[in-house]
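Now for the letters of each chain:
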Amino acid sequence: MIKYIQIAIAIISITITSISFADGHDSSEVIGDYDFGKTIADTAMRRGCLGCHSIDKFKGSSANQIMDRIIASWHVSGFTEEDIKDLSVYLSVEANKS
């Protein structure tokens, strides 16, 4: 009986830890493909999406902060999570170039 309780506690602990890491993507840096993010931005701007904001709007923002803003926007309704990461990395790099 005690062994089952220990197993249950371990499973619950792992689940809670996994959920907190998945929820807090701010705790780790967004990893994305800069080149594909550029492709997404170029394509989206030709359709009018993302063209509503100057790249300067993202100046001083990290990829994590940009990703949070993009996720909250209706502009990304057709994007996958990987697309959003790629786009966030691209916008962060471009906005923060000296």
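Because the structure is predicted, anything quoted here is derived from the model rather than measured.

**What about the nonpolar core?**
Counting 15 residues, the largest nonpolar core has Ile-70, Leu-87 and Leu-91 as its most contacted members. Top contributing element to this core by residue count: helix 4 (residues 81–95), with 6 residues.

**Topic: the pattern of salt bridges**
Within the structure shown, the criterion is met by 4 salt bridges. For Lys-85, the salt bridge is made with Glu-82, and the minimal N-O distance between the two is 3.9 Å. Linking Lys-85 with Glu-82, this pair stays in helix 4, spanning 3 residues, or about one helical turn. Under the relative-accessibility criterion, Glu-82 is labelled partly exposed at 46%. Connected through shared salt-bridge partners, Glu-81, Glu-82 and Lys-85 make up one network.

**Considerations on the packing of helix 3 (residues 63–71) against helix 4**
The interhelical angle for the contact between helix 3 and helix 4, taken along N-to-C directions, is 125 degrees, at an axis separation of 8 Å. Compared by their axis directions, helix 3 and helix 4 come out oblique. The hand of the helix 3/helix 4 crossing is right-handed. Facing helix 3, whose interface residues are Ala-63, Ile-66, Met-67, Ile-70 and Ile-71, helix 4 presents Ile-84, Lys-85, Leu-87, Ser-88, Val-89, Leu-91 and Ser-92. Residue composition of the contact of helix 3 with helix 4, by class: 9 nonpolar, 2 polar and 1 charged.

**Some thoughts on the confidence of the model for the protein**
Mean pLDDT over the protein works out to 74, with 59% of the residues at or above the 70 mark. When pLDDT is averaged over each element of the protein, helix 4 comes out on top at 88 and helix 1 (residues 2–23) at the bottom at 58. The low-confidence segment residues 18–27, where pLDDT is below 50, has 5 contacts with residues more than four positions distant or belonging to other chains.

About the criteria used
- Residues numbered from 1 in each chain as written.
- Predicted model: local features only at pLDDT ≥ 70, side-chain atom pairs only at ≥ 80, totals over all residues.
- Heavy atoms only, no water.
- Core = buried A, V, L, I, M, F, W, Y, C linked by side-chain atoms within 4.5 Å.
- Buried < 20%, exposed > 50% of the residue type's maximum accessible area, 1.4 Å probe, protein only.
- Helix = DSSP H or I, 4+ residues; strand = E, 2+ residues; numbered from the N terminus.
- Salt bridge = Lys/Arg side-chain N within 4 Å of Asp/Glu carboxyl O.
- Axes fitted to C-alpha atoms, helices over the stretch in contact; angles between N-to-C directions.
- Parallel < 35°, antiparallel > 145°, perpendicular 65-115°, else oblique.
- Left-handed = near helix turned anticlockwise from the far one by under 90°.
- Contact = heavy atoms within 4.5 Å.
- Nonpolar A, V, L, I, M, F, W, Y, C, P; charged D, E, K, R; others polar.
- pLDDT = per-residue confidence, 0-100.

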